[in-house]
Amino acid sequence: MVTSTKGGVVGFVTVLSLCPGCRQPFIYNPSAVPSVKLDGWRKPICRGCLDRLINPDRIANGLEPIVPLPGAYDPFHDSE
Ligand SMILES: [Zn+2]
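The paragraphs below set out a description of the structure included in this document. Values in this document were obtained by computation on a predicted structure and should not be read as measured data.

Cut-off values and rules
- Residues numbered from 1 in each chain as written.
- Predicted model: local features only at pLDDT ≥ 70, side-chain atom pairs only at ≥ 80, totals over all residues.
- Helix = DSSP H or I, 4+ residues; strand = E, 2+ residues; numbered from the N terminus.
- Buried ≥ 20, exposed ≤ 12 C-beta atoms within 10 Å, placed from the backbone.
- Pairing = 2+ DSSP bridges.

## Some thoughts on the environment of D74
Structurally, D74 can be placed in the loop between α1 (47–60) and β6 (76–77). A count of 12 C-beta atoms within 10 Å places D74 in the exposed class. When the C-alpha positions of D74 and A32 are compared, they lie 9.7 Å apart, and in sequence the two are 42 residues distant.

Set out below in structure tokens:
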């Protein structure tokens, strides 16, 4: 849902997608959520899959774990 600030209305935006890892819906801030590259496209990934799948794999390969930005999995103000 997108809500405009025009006319004095203040709103928050929630983006909902299916996670490519667990196929469960989750909400996120598209400007902050971690993503993975699948089929040539970057796809947002849920916090659970980040913690259970992505970061353990990164650590096993000598990479730093991904730390989500603050608010990555929260609704965000429509001025962002
Ligand atoms: Zn997931």
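## Points about the pairing of strand β5 (residues 41–44)
The sheet contact formed by strand β4 (residues 35–38) and β5 spans four bridges and is antiparallel. Within β5, the position partnered with L38 by the bridge is W41.

Such coordinate-based values are descriptive only and should not be taken to indicate function.
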